[in-house]
Amino acid sequence: MDLKRTFTGFAAALLMTGLLGNPAPAAPDDSPSTRDFGNGPERNSVAAEIPPIGQSASTFKIATGTTGYPRQNVLRVYPENPADKSIKLGLVPYHGIAPKLNALQQASNRVSAEVIGHSALGRDLYLVTVTAPETAAQARKQDRWRALIEDDPRQANRDAALKLGYKTPVWINANIHGDEWEGTDGALRVIERLAGATDPATAALLARTRVYVTVTNNPDGRIAGTRVNGAGFDINRDHATGSQPESRAVRDVVIGTQPFVMLDEHGYTGTTLIEPATPPHGQNYEYDLYIKHALPNALGMEAAIQRLGHPETARADIPFRDYAPGDWDDWPPIFTPMYGIYQGAVGHTVEIPLQVNRGVYDSLPVEELRRRSAVNTDVASATITAAISYADVHRRSLLEGQIEQFRRGWAGEPSPEIPDGFVEGFGPEDRYSTTFPRAYVIPDSGPAAARLVDHLIANDVRVTRATHAFTLTGRSYPRGTYLVDMRQPKRGLANVLLEAGRDISQLVPQMYDISGWSHRLLWGAPVDISRAAAPRVSTRPVVAAGPAGHVPSGGRDLLLTLRDGSDVRALNTLLDLGVAVRQTTAATVLVPAAARDAASLVADRFGVRFTAAPRSATGTPLTRPTIAAAVSADELFVLRDMGFQPRVVSTARLNAGADLSDVDTLVVSSGLSYAGLNATGRAEVDELLARGGVVTRGSTGAAFNAAAGLLPATAVAARSDANGVVAVDNTGPVVGAGSPPHSFVYSPLWFTGTGFTVEQRYASTPLVAGHWLPSSTEAAGRAAVISGPTARGGRAVLFGTEPLFRAHPKGLYAPFARALYWTAG
Ligand SMILES: [Zn+2]
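Residues numbered from 1 in each chain as written. Predicted model: local features only at pLDDT ≥ 70, side-chain atom pairs only at ≥ 80, totals over all residues. Heavy atoms only, no water.

On to the pattern of salt bridges. Applying the stated rule across the entire model yields 51 salt bridges. For the salt bridge of arginine 222 with aspartate 185, the shortest nitrogen-to-oxygen distance reads 2.9 Å. Here the residue arginine 222 occupies a position in helix H8 (residues 219–224), and aspartate 185 occupies one in helix H6 (residues 182–196), the gap between them amounting to 37 residues. Classification of arginine 222 as buried rests on a relative accessible area of 0%. (Salt bridge = Lys/Arg side-chain N within 4 Å of Asp/Glu carboxyl O. Helix = DSSP H or I, 4+ residues; strand = E, 2+ residues; numbered from the N terminus. Buried < 20%, exposed > 50% of the residue type's maximum accessible area, 1.4 Å probe, protein only.)

What follows is the structure, encoded as structure tokens:
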């Protein structure tokens, strides 16, 4: 990137639309059409109405090598669905994919198809592998080589047979956003061509290459014409969190196939867009190894779309080359290609050009939509073909790059210094690096620690467990403590999940999506850092966290502290079982000794830890609160995850006569406006406000509070794109009691006024990691969460933070649940 790059792209568009620097939360319609916020600030406008759905596991496993290729499966065929939104565009509907793949497998021994998991609504997710046939012995050799590259990269680098015979893995992910359809059709075209080509060059290519294609990563969205999956989640924001089955499935594909190159096919940016991205670049990448191939591969894809000859494909935007810093960054590991880089791939987002979704889907003539979709399919196909070709031509260098990435990890080498001009346009603004700590230490402290350990392992981060007590950096740890030794192949991924992150507010004027996250600071488990000292203790590898639950022996009543979402889930289960639970404080409940069996059950199932209650302990009877919720999809998901059974409401539903007469607490964050209620809706809400509770989040919640006259607080909004991990001081009895010293914000609010209790304040320098302009110190010491009795006769808690955001900050769930019990009580 050089000074020729002007302030173009999104920043200019943002200025023109007045978004940049505008302190008011931005409406989605104000955003340039190409900038998709996902479920960011705009998620306050529509109340999610998603029915409860089950959670399925990924079924993809690293090949065991018991069979060769092809590995063909007859895929189940779905009934024809005339409502599939692909049909109008002339594209393959979801129900047409399995028949097509079944036929391709019949016709060609180069094609294998398997089901690697299920969407949120239970639809099959397909992985197609295209490669020349392999015997079982040949496939086993490929498996051993793949493992060797990761486990012993020095040895792999010396292995001449590996370097000659290892098949180049390339992975194409299509249609992760359901209403960005044509990646699927372009990928199927490439599969068909590779399957049927009779020329020697294709045969030779497939003899040295495995092409993996996840044909549609989002069947629910493909059918419904939505960006999100059936649970309302943007899968391409979920890769650090893994809350959705679609992201977990492709996570297991990238780990299992270890691609050299991957494409994530999206749309629609007007001009085709091909990454590499602008800075800020993720500071945990081995960025030299990435950009060395990412830029020339992008140039090759650009040349390929130019050769198509469509006027709309005369050039591509390559953000690294063409955009200003911050306009299209690769900072957070939430996107598929960025996540893929940490797994060893040169990852690219590709945005096909011509819009066919949202407004134009209904307004443009069918012929024009189909013309556009045909061009888009050409672009998807051309970029995929070009990337496969690049990977083949540069296979040796790509292989050595992946080996080098994992070697640096094992060796604990510092991030390399990359000189200006390393690739054309690489300058000081592209230089991001970090100092890796020597180890992270995760004490075996309960359900949060167990969840974090399991999450790290699922992401192929290596975790061990101490077989003896030990000391490290002056602290003593017992046997059974978990360790993440950072001398490991995927140290970048380990660190990007566990580090605090960084305040990058002053580096760029805006960011594409979230700029802060941290499993160490937000997932509720205490994690210590050893910056330099190596742990000196014998360990064994961990394949799953050990059981975390505990019920003390003896005949005493039991205490459960609501520190974690798992504790809340356990409490709700006890209430469902009819246990006479009493609440002692806002954060602690008392379970009678007579319910010991039920306590043991939930301790086993949810990993929660009971303690023996003092003999004098007492409390007030607790019943399961009935919750109504006008919230975003992620919040609905988390409430259900904690065992609440929220009744979905909205302005429209209340105006149509929705019943709140048995509701104890109303949660308001999205799609409920007090001012928008008609006489019917208002009467129902007013009746609730006179006796029950309200919990709000964000600007929609604060507006509800003001219009309904609940707490005498004024909400002040930061810039709508401000986001990240913030330091907080816990001062109140309900949310503040025992909460972590960090929280998460997106479009943060603070509250001014008197006549309420401050539960939590922003610290003197709030932002720990993320992007908040002009400065997070505008919120220093301000009230972030408040509570109190309302002027209407009930209780309210108002959140200016985002405790349930995208199901990520798991350590913040329990404080939110405490607000629900308290307001209901
Ligand atoms: Zn997209």
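Let us look at the side chain of asparagine 218. Structurally, asparagine 218 can be placed in the loop between strand E4 (209–214) and H8. On the accessibility criterion, asparagine 218 (0% relative accessible area) is buried. In terms of polar contacts, asparagine 218 uses its side chain to reach the backbone carbonyl oxygen of isoleucine 176, at 3.1 Å. Within polar-contact distance, the side chain of asparagine 218 engages the backbone oxygen of arginine 227 at 3.2 Å. Other than its neighbours up to four places away in sequence, asparagine 218 contacts Asn175, Ile176, His177, Gly178, Thr226, Arg227, Val228, Asn229 and Ile235. (Polar contact = N/O pair within 3.5 Å; in protein donor to acceptor, adjacent residues only side chain to side chain. Contact = heavy atoms within 4.5 Å.)

This part is about the coordination of the zinc ion. Coordination sphere of the zinc ion, protein contribution only: His177 (ND1), Glu180 (OE), Glu180 (OE) and His266 (ND1), at 2.0 to 2.8 Å. Classification of the site at the zinc ion rests on its 4 donor atoms, whose angles at the metal span 51 to 153°, yielding the label irregular. Along the chain, the residues donating to the zinc ion are arranged with the sequence spacing H-x2-E-x85-H. For histidine 177, a relative accessible area of 2% corresponds to the buried category. (Donors = N, O, S within 2.8 Å, 3.2 Å for Na, K, Ca; no water. Tetrahedral: all angles 85-135°; square planar, octahedral: opposite > 155°, others 65-115°.)

A few words on the packing of helix H2 (residues 94–107) against H6. Here H2 crosses H6 at 15°, and the two axes come no closer than 11 Å. Here H2 is positioned roughly parallel relative to H6, judged by the angle of their axes. In this structure, the crossing between H2 and H6 has a hand that is left-handed. Of H6, the residues touching H2 (which contributes Ile97, Lys100, Leu101 and Leu104) are Thr184, Leu188, Ile191, Glu192 and Ala195. (Axes fitted to C-alpha atoms, helices over the stretch in contact; angles between N-to-C directions. Parallel < 35°, antiparallel > 145°, perpendicular 65-115°, else oblique. Left-handed = near helix turned anticlockwise from the far one by under 90°.)

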